[in-house]
Amino acid sequence: MITRPTLTQIRRFAQKVSVKLNAEVKELIEKEDIKPRKHPGIIKSSIVELPEWVKNAINVFMIDKYGKQIRTEAQKFGRSLQGRLAPIESGEMKNKYEDLQNAGLIKQKLQDAPLEDMEKFRNNNHKKVLKLLNSRICNAGAIEYNTHRGKLYAVARAAPDFAILSRVFQEITARDATFRPQTIFDFGSGIGTVLWAATKAWPDSIKEYFGVDIAVEMNDLSEQLAKNAMPKVRTVYRRQFFPASPTPSYDVTVSAFSLLELPNAEARLESILKLWRKTGHYMVLVEQGTNAGFGVIVEARDFVLQLQKSGMERDPKPAYVFAPCPHDLACPRYLLDHTPCNFSVPYMTNIPGPKSHLYNARFSYVIIKKSERPDADEKWPRIVRPVLVRSRHSVCRMCTASGELKEVIFTASKFGKMTYHCARSSNWGDRLPVSLEQISEENSEENGSDGSDKDTE
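Residues numbered from 1 in each chain as written. Predicted model: local features only at pLDDT ≥ 70, side-chain atom pairs only at ≥ 80, totals over all residues. Heavy atoms only, no water.

Visitor: I would appreciate a short explanation of the overall build of the chain in the present structure.
Guide: Broken down by element type, the chain carries 15 helices and 15 strands. Looking at the chain as a whole, 47% of its 457 residues qualify as buried. Looking at the chain as shown, the accessible area adds up to about 24,500 Å², and 51% of this sits on carbon and sulfur atoms. (Helix = DSSP H or I, 4+ residues; strand = E, 2+ residues; numbered from the N terminus. Buried < 20%, exposed > 50% of the residue type's maximum accessible area, 1.4 Å probe, protein only. Areas by Shrake-Rupley, 256 points an atom, 1.4 Å probe, with all protein chains shown as cover.)

Visitor: Is there a simple way to think about unusual backbone geometry in this case?
Guide: Cis peptide bonds are those with omega within 30 degrees of zero, and the linkage from Met230 to Pro231 qualifies with -5°. Relative to the elements of secondary structure, Pro231 occurs in the loop between α9 (216-225) and β5 (235-239). Of note, the bond from Ala323 into Pro324 is cis; its omega dihedral lies within 30 degrees of zero at 0°. Counting through the fold element by element, Pro324 comes out in the loop between β8 (320-323) and α12 (332-336).

Visitor: Please clarify how the packing of helix α7 (residues 147-175) against helix α8 (residues 193-201) should be interpreted in this entry.
Guide: To describe two helices that pack against each other, one gives the angle between their axes and the distance between the axes. One way to put it is that α7 packs onto α8 with a least axis distance of 9 Å and a crossing angle of 40°. In terms of axis orientation, α7 runs oblique to α8. Seen along the crossing, α7 lies across α8 with a hand that is right-handed. Counting all contacts with α7, which are made through Ala158, Asp161, Phe162, Leu165, Ser166, Phe169 and Thr173, the residues of α8 involved are Thr193, Val194, Trp196, Ala197, Ala198, Lys200 and Ala201. (Axes fitted to C-alpha atoms, helices over the stretch in contact; angles between N-to-C directions. Parallel < 35°, antiparallel > 145°, perpendicular 65-115°, else oblique. Left-handed = near helix turned anticlockwise from the far one by under 90°. Contact = heavy atoms within 4.5 Å.)

Visitor: Just to check I follow, could you spell out a nonpolar patch on the surface for this structure?
Guide: A cluster of nonpolar side chains, namely Tyr334, Leu335 and Leu336, defines an oily patch on the protein surface of about 380 Å² accessible area. Secondary-structure assignment places Tyr334 in helix α12. Taking the relative accessible area as the measure of exposure, Tyr334 reaches 46% and is therefore partly exposed. (Patch = residues over 30% accessible without salt bridge, like charges linked within 9 Å, V, L, I, M, F, W, Y side chains within 5 Å. Salt bridge = Lys/Arg side-chain N within 4 Å of Asp/Glu carboxyl O.)

Visitor: Hey, could you run me through the packing of helix α10 (residues 265-277) against helix α11 (residues 291-310) in this one?
Guide: Across the interface, α10 lies against α11 with an axial gap of 10 Å and an inter-helix angle of 55°. As judged from the angle between their axes, α10 and α11 are oblique. Relative to α11, the crossing made by α10 is right-handed. In this structure, α10 contributes Ala265, Arg268, Leu269, Ile272, Leu273 and Trp276 to the contact, and α11 contributes Val296, Glu299, Ala300, Phe303, Val304, Leu307 and Gln308. Of the residues contributing to the contact of α10 with α11, the split by class is 10 nonpolar, one polar and two charged. (Nonpolar A, V, L, I, M, F, W, Y, C, P; charged D, E, K, R; others polar.)

Visitor: Mind showing me how you'd approach the pairing of strand β10 (residues 357-369) here?
Guide: Two faces, one strand: in a regular strand the side chains alternate between the faces of the sheet. Where strand β7 (residues 279-288) and β10 come together, seven bridges link them in antiparallel fashion. Bridge pairing in β10 links Gln288 to Phe363. Here β8 runs beside β10; their pairing, made up of three bridges, is antiparallel. Paired with Tyr320 across the strands is Lys369, a residue of β10. Note that strand β9 (residues 343-349) and β10 share seven bridges and pair antiparallel. Across the sheet, Met348 pairs through a bridge with Leu358, a residue of β10. (Pairing = 2+ DSSP bridges.)

Visitor: Looking at this structure, I do not really get α7. What am I missing?
Guide: Side chains that are three or four residues apart share a direction in an α-helix, a result of its 3.6 residues per turn. Taking 1.5 Å as the rise per residue, α7 with 29 residues should run 42 Å; its terminal C-alpha atoms sit 39 Å apart, in good agreement. Arg157 marks the point of greatest bend in α7, at about 55°, and the proline Pro160 comes within the next four residues. Most of α7 is tucked away: 21 of the 29 residues are buried. (Expected span 1.5 Å × (residues − 1). Bend = angle between axes of the 7 residues up to and from the residue.)

Visitor: Explain the pattern of salt bridges to me, please; I cannot follow it from the model alone.
Guide: Side chains carrying opposite charge are able to pair once their charged atoms draw close together. Scanning the model with the defined rule gives 17 salt bridges in all. The shortest N-O distance in the salt bridge between Lys55 and Glu49 comes to 3.3 Å. The class of Glu49 is partly exposed, set by a relative accessible area of 44%. One salt-bridge network, held together by shared partners, links Arg167, Glu171, Arg175 and Arg382.

Visitor: Just to check I follow, could you spell out the packing of aromatic side chains for this structure?
Guide: Aromatic ring pairs are described here by two measures, namely the spacing of the ring centres and the angle between the planes. Counted by the stated rule, this structure contains 19 aromatic pairs. For the pair Phe343 and Tyr365, a centre-to-centre distance of 5.7 Å together with 70° between the ring planes defines the contact as edge-to-face. Residue Phe343 is located in strand β9, and its partner Tyr365 is located in strand β10; the two are separated by 22 residues in the primary sequence. Residue Phe343 is classed as buried on the basis of its relative accessible area, which comes to 2%. Here a set of aromatic residues connected by ring pairs shows up, and it is made of Phe185, Phe187, Phe210, Tyr237, Phe242 and Tyr250. A cation over a ring is seen here: Arg175 above Phe322, with NZ or CZ 4.1 Å from the ring centre. The lysine or arginine in question, Lys370, covers the ring of Trp276, its NZ or CZ lying 4.5 Å from the ring centre. (Phe/Tyr/Trp six-rings, centres within 6.5 Å; stacked < 30°, edge-to-face > 60°. Lys NZ or Arg CZ within 6 Å of the ring centre and 35° of its normal.)

Visitor: So what exactly am I meant to see when it comes to the environment of Gly295 here?
Guide: Mapped onto the elements of the fold, Gly295 is located in helix α11. Residue class for Gly295 comes out buried when judged on its relative accessible area of 15%. Sequence separation between Gly295 and Ser364 is 69 residues, and the spatial gap between their C-alpha atoms is 9.2 Å.

Visitor: Is there a simple way to explain a positive patch on the surface in this structure?
Guide: The grouping of Lys35, Arg37, Lys38 and Lys44 at the surface amounts to a positive patch. Relative to the assigned elements, Lys38 resides in the loop between α2 (23-30) and β2 (48-49). (Lys, Arg positive; Asp, Glu negative; His and termini not counted. Charge placed at Lys NZ, Arg CZ, Asp CG, Glu CD.)

Visitor: How should I be thinking about the environment of Asp204 in this particular structure?
Guide: Relative to the elements of secondary structure, Asp204 occurs in the loop between α8 and β4 (208-212). Owing to a relative accessible area of 62%, Asp204 belongs among the exposed residues under this scheme.

This is the structure:
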């Protein structure tokens, strides 16, 4: 006879989280210098709009005789870009084929069927599996950009890409206010959205921009769009290929929505290595907030962190993850979950149509700083899912400095009003100014408790 554990027995092994509000933040709130809803971990996600000069430049080729056709094509092209997959590695095709066949057997509940029935199903399912594999191959790898596809990209992606990059750069400006970059290196520069967002983030300091894109037509379109750019950057280079020399270095290096264009993991890591060697202070990597996009971000993140530990570099520089992770450990979302670690930013666009609409763009990113992690770094947990605000309590799902995912239910009675209101006022993507410590709950028999609490995690 199987007996179920009692509540007391369950709680003997239960865990709870000790939450402590940052002392400096607590003091600021007590002195009423700041409100909990404006604590320093909040990144203001105001609705982002394209600069007027960008809208005007894109409208030049939107109002010609092909304008309506471009709008229709751009919507379809934009959807295909959002569904991009990582290319299948050499030698993996057979494994992918077997995985799809086995998934089909499980779906049809034939995994334990006689061998004859399984082989019959495999033969009948052969064409369907090949079609799925071919569709994946077609939706992965490089896109050959020409002038027309460049225009489609501008119409479909200018607004969301600009909003995402503005949000990512805002992470640096909010937490490193004294940083004033003068040079930007952009790998896979496309239509130039990195330049637009960088000059928005640091309007008075950018002096040089170096963009690399293998498509000559995209470089030409980027130059055309930037003719009326405000503010102007004094020195702008646009090239097809990566410079052979790692010098000079650039204050900020960026790869935005380009890694999935490369043919395989070897090409991705080779590009990341070159980009890292060009990095003076910050390397910024951004992709779509899909499993594929998140996967290549984690791949690049782990590669750079391991590179610094391996001694492969002649002049190894220390590195740490500036954002979004509060740690340099393995990503718990990637190891334990099947959903991407992504974030969202609202943006407005009047493209592709006469009226402006509100959308949300999801993205995955990592910012790696070339220096030692400061001793004063708070390592505040990052909120990695939307905060669930309920009556008298709020639920925060966070990635913590210990490299774990934790869910905490915040109430005023348990953690105090200030901590509760800080949690309640935070949003997906913010950092929460608290320290978390998991502690074992005492045995109810030892502490005299009956094992019941009003609030539980």
